[in-house]
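Letter by letter, the chains look like this.
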Amino acid sequence: MGQVFSHLKLRTRLLVVLASVVLIQAAISGGLTLHYIKLVLEERIGEQALQLSKVVSALPQIRQGLTQQDPEQVQRYAEMIRQQTNARFIVVGDSDGIRFSHPIPERIGKQRVGGDNQRALDGESYVSRAVGSLGPSLRGKTPVRDDSGNVIGVTSVGYMLDSIDETIGHYQNVVLQIVLISLVISIVIAAWTSRYFKRVLFGLEPEEIARLFEERNTTLQAVREGIISIDADGAITTINKTAIDTLELGNAELRGRNIRSVLPQSDMWRLLQSDQAEYDREVMVNGKRLIVNRVPIIVDGKVTGVVSSFRLKDDIELLGRQLSHIEQYAETLRAQSHDFANKLHTIAGLIQINANDQALELIGQESKGIEELVGVLTSSVSDPVLAGCILGKYNRAHELGLELKLDRMSHMGPIPHHIPVENLVSMLGNIIDNAFEATRANLQRDAAADNAIQISLNDFGDDLVFEISDNGAGISPGTREAIFEKGISSKPDRGHGYGLYLVKTFVDDLAGQITLEQGDAGGTRFVVYLPKRLRHAESGGARIGSHG
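The rules we used
- Residues numbered from 1 in each chain as written.
- Predicted model: local features only at pLDDT ≥ 70, side-chain atom pairs only at ≥ 80, totals over all residues.
- Heavy atoms only, no water.
- Helix = DSSP H or I, 4+ residues; strand = E, 2+ residues; numbered from the N terminus.
- Buried < 20%, exposed > 50% of the residue type's maximum accessible area, 1.4 Å probe, protein only.
- Contact = heavy atoms within 4.5 Å.
- Areas by Shrake-Rupley, 256 points an atom, 1.4 Å probe, with all protein chains shown as cover.
- Arc of directions from axis to C-beta.
- Patch = residues over 30% accessible without salt bridge, like charges linked within 9 Å, V, L, I, M, F, W, Y side chains within 5 Å.
- Salt bridge = Lys/Arg side-chain N within 4 Å of Asp/Glu carboxyl O.
- Pairing = 2+ DSSP bridges.
- Axes fitted to C-alpha atoms, helices over the stretch in contact; angles between N-to-C directions.
- 1 Å grid on protein atoms, 1.4 Å probe; cavity = no way out; pocket = protein on both sides within 12 Å on 5 of 7 lines; lining within 4 Å.
- Points joined across faces, edges and corners; volume = space filled by probe spheres on them.
- Nonpolar A, V, L, I, M, F, W, Y, C, P; charged D, E, K, R; others polar.
- Phe/Tyr/Trp six-rings, centres within 6.5 Å; stacked < 30°, edge-to-face > 60°.
- Lys NZ or Arg CZ within 6 Å of the ring centre and 35° of its normal.
- Left-handed = near helix turned anticlockwise from the far one by under 90°.
- Core = buried A, V, L, I, M, F, W, Y, C linked by side-chain atoms within 4.5 Å.
- pLDDT = per-residue confidence, 0-100.

> Please explain the overall build of the chain as it appears in this structure.
When helices and strands are tallied, the chain shows 15 helices and 15 strands. In the chain, which comprises 548 residues, the share counted as buried stands at 41%. If you take every contact in the chain between residues at least 6 apart in sequence, the share linking residues at least 24 apart comes to 58%. In the form shown here, the chain has an accessible surface area of approximately 30,800 Å², with 54% of it arising from carbon and sulfur atoms.

> What should I look at first to understand the environment of Arg445 in this one?
By the secondary structure assignment, Arg445 is in helix α13 (residues 421–445). For Arg445 and Ala473, which are 28 residues apart along the polypeptide, the C-alpha to C-alpha distance reads 9.6 Å.

> Hey, could you run me through helix α15 (residues 499–509) in this one?
Of the positions making up α15, those classed as buried are Gly499, Leu500, Leu502, Val503, Phe506 and Val507. All buried residues of α15 fall inside an arc of 155 degrees around its axis, so they share one side. Looking one or two residues beyond α15, the residue adopting positive phi is Ala511, at roughly 55 degrees.

> Got a minute to help me understand unusual backbone geometry in this structure?
A negative phi angle is the norm for most residues apart from glycine, just as the trans form is the norm for most peptide bonds. A positive phi angle is found at Gln69, which is not glycine, with a value near 55 degrees. Within the element layout of this structure, Gln69 appears in the loop between α3 (60–67) and α4 (71–84).

> Would you explain a nonpolar patch on the surface in this entry?
The grouping of Ile24, Ile28 and Leu32 at the surface amounts to a nonpolar patch, some 310 Å² of accessible area in total. Along the chain, Ile28 falls in helix α2 (residues 10–57).

> Would you mind going over the environment of Ile37 with me for this structure?
Examined against the element boundaries, Ile37 turns out to sit in helix α2. In this structure, the C-alpha to C-alpha distance between Ile37 and Thr167, residues 130 residues apart in sequence, is 9.8 Å. In this structure, Ile37 is in contact with Ile168 and Tyr171, ignoring residues within four places of it in sequence.

> Can you walk me through the sheet that holds strand β2 (residues 126–132) in this structure?
Across a sheet, strands are paired by hydrogen bonds formed along the backbone, either parallel or antiparallel in direction. If you walk across this open sheet you meet the 4 strands as β1-β4-β3-β2, and the pairing is antiparallel. Looking at the sheet topology across the chains shown, the edges are occupied by β1 (89–94) and β2. Sheet twist, expressed as the average angle between the axes of neighbouring strands with direction ignored, equals 30 degrees.

> Sorry if this is basic, but what is going on with the side chain of Ser308 here?
With respect to the helices, strands and loops of the structure, Ser308 is situated in strand β9 (residues 302–312). Not counting residues up to four positions away in its chain, the partners in contact with Ser308 are Gly226, Ile227, Ile228, Met268, Val292, Asn293 and Arg294.

> Mind showing me how you'd approach the sheet that holds strand β7 (residues 278–285) here?
Strands sit in the order β6-β5-β9-β8-β7 across an open sheet of 5 strands; the sheet is antiparallel. Edge strands, defined here as strands with exactly one partner in the open sheet, are β6 (236–239) and β7. Along the sheet, successive strands turn relative to each other by an average axial angle of 25 degrees, direction set aside.

> What should I look at first to understand empty space enclosed by the protein in this one?
Where empty space is left in the structure can be found by rolling a water-sized probe over the atoms. All chains considered together, the criterion is met by 2 cavities of 30 Å³ or more. Of all the secondary structure elements, the ones that give two or more residues to the lining of the second largest cavity are β8 (288–299) and β9. Partitioning the lining of the second largest cavity into residue classes produces 8 nonpolar, 2 polar and 1 charged.

> Sorry if this is basic, but what is going on with α3 here?
Of all the residues in α3, the buried ones are Ile62, Gly65 and Leu66. When α3 is viewed along its axis, its buried side chains cluster within an angular range of 95 degrees and face the same direction. In α3, the exposed residues that point more than 90 degrees away from the buried face are Pro60 and Thr67.

> Sorry if this is basic, but what is going on with the packing of aromatic side chains here?
Here a ring pair, both rings aromatic, is described through the centre-centre distance and the interplanar angle of the planes. If you walk through the whole model with that rule in mind, you get 0 aromatic pairs. The lysine or arginine in question, Arg119, covers the ring of Tyr126, its NZ or CZ lying 4.0 Å from the ring centre.

> What is the right way to look at the pattern of salt bridges in this model?
Two side chains bearing opposite charge may form a pair once their charged atoms approach each other closely. Counting across every chain of the model gives 15 salt bridges. The salt bridge partner of Arg294 is Asp267, with a shortest N-O separation of 2.6 Å. Taken as a pair, Arg294 in strand β8 and Asp267 in the loop between α9 (259–262) and β7 lie far apart in primary sequence, 27 residues in all. Between Glu278 and Arg281 there is a salt bridge, with its nearest N and O atoms 3.1 Å apart. You can call Glu278 buried: its relative accessible area is 16%. Among the residues examined, Arg281 registers a relative accessible area of 30% and is labelled partly exposed.

> Hey, could you run me through the environment of Glu43 in this one?
Among the secondary structure elements, Glu43 is positioned in helix α2. For the pair Glu43 and Leu138, spaced 95 residues apart in sequence, the C-alpha to C-alpha distance is 9.7 Å.

> I would appreciate a short explanation of the packing of α13 against α15 in the present structure.
Angle between the axes and distance between the axes are the two parameters that describe a pair of packed helices. As a packed pair, α13 and α15 sit with axes 9 Å apart at the nearest point and diverge in direction by 145 degrees. Of the two elements, α13 crosses α15, and the hand of that crossing is left-handed. Note on element contacts: α15 touches α13 through Gly499, Leu500, Leu502, Val503, Phe506 and Val507, opposite Asn423, Leu424, Met427, Asn430, Ile431 and Asn434. By residue class, the composition of the contact of α13 with α15 is 8 nonpolar, 4 polar and no charged.

> When you look at the nonpolar core in this model, what are you seeing that I'm missing?
Side chains of nonpolar character tend, in soluble globular proteins, to be buried together. Core analysis: the largest hydrophobic core is formed by 46 residues, its most contacted members being Met427, Leu457, Phe466 and Leu530. Residues contacting Leu457, with those up to four places away along its chain left out, are Val381, Leu386, Ile390, Leu406, Ser410, His411, Met412, Val465 and Phe466.

> Is there a simple way to think about the confidence of the model for the chain in this case?
Keep in mind that low pLDDT regions are not for reading the predicted coordinates in detail. Across the chain, the average pLDDT comes to 79, with 82% of residues at 70 or higher. Looking across the chain, the model is least confident in strand β15 (residues 543–547), with a mean pLDDT of 48, and most confident in strand β12 (residues 463–469), with 94. Ignoring residues within four places in sequence, the model shows residues 536–544, a span with pLDDT below 50, making 16 contacts including any to other chains.

Following this line, the structure appears as structure tokens:
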């Protein structure tokens, strides 16, 4: 069935689907409507029967006839009322169940049937459904009372259920007509809708749309950043904003233009004659160094276009630097693990030769500084990731022969949600690493120089404030203004100039401020201010200042 349906034209499918939906909805709503009509009709007829039975039971002639045991009088008035109304029967009986009136006179004086009179004999008026001598009926029953209020009989006014079914049948025909009219209208609407969709979809069938989706899927598989796709004639079919911004192509409409006229240096068109994809190829386009991935679009074994995704090579190199930092952290942890293992072996050896005093002295020397720092971190820094970063940098400083000091007055509560902790740790780590390198370089020139790096954290006021001071040679005034630019570094060797650029980018994203100034004893002091509440920077980015 599914295969047969899939071979139908889109117009036919829409007709079948819409007509089926309308038919099902009409059937359900029609059935519910008929059911509701039946309930309401039975309720109204029951109420009518009950009200009429109350009227009959209240007539003095009826009460008098029952009291005087005069069936003729009761029959005369009951039949007169029945003929003036549309009731199927009005039966009046005494308290013993003997009929005093009946549409069929021969049944007067006989016992009533149905078995539903006891509640009326107990003084209650109600609607009952029962099978009497005339068949199934809906009847209203009311007790007849004498002048003293005693129940002397029961009045029963009834309507036959077959007449109710006949009325329901009439409504059913009406509902069926409405359903048929709705079905015809739905078919007309479905035909109009199908023509509309065919026009909007340029006459494409679902299978053709699926092939276009495969093209988009191939594009997504090649996504890195900028995206350009061309068709078999070399015309641009897709180009995203990142590609336009990266290649500085302006605001002109580029879709439909030939790739050679837009990017003469691109050789995407060459892949139209080849089915071989190209990955991570370095090219120069519009003066930009790009890392490009190119994938041909193949439909039914034929190359119908090419998709190209690319990123600036500098961005990829920046990601590489970030990964290098992670590798350095991992290497530091391995070195620390090895160092601690050696010391543990030494302590174990001292214990084995009963040199307990020397073992305790070695343990004390190793644990004194770290215990003091852990105590300050526990009481001052709430975020465990930030505390772990500082502790790791303390161990790294110890390994490098330096001393990392945390201001005892530091306090840093929970980090606000809009500040990514991993980026905060990267920022702090980059500045501290720079402080390590500057201090070590100064120690190589002057062995008597101070080897301490000072850190202060506080969250007082509206900002988180991070202050890092080193004892290096400082940064020359001419370099301070450009130190945060990508690729700019005070170090002579290559491969630097990305750490502080990452710091500046992070601070810029949070509309913070970073200042660079000379320390009290020389060296450099970095102070970073990050707002606790996210706000837009007044100047469109981070504010960078330098103070003498």
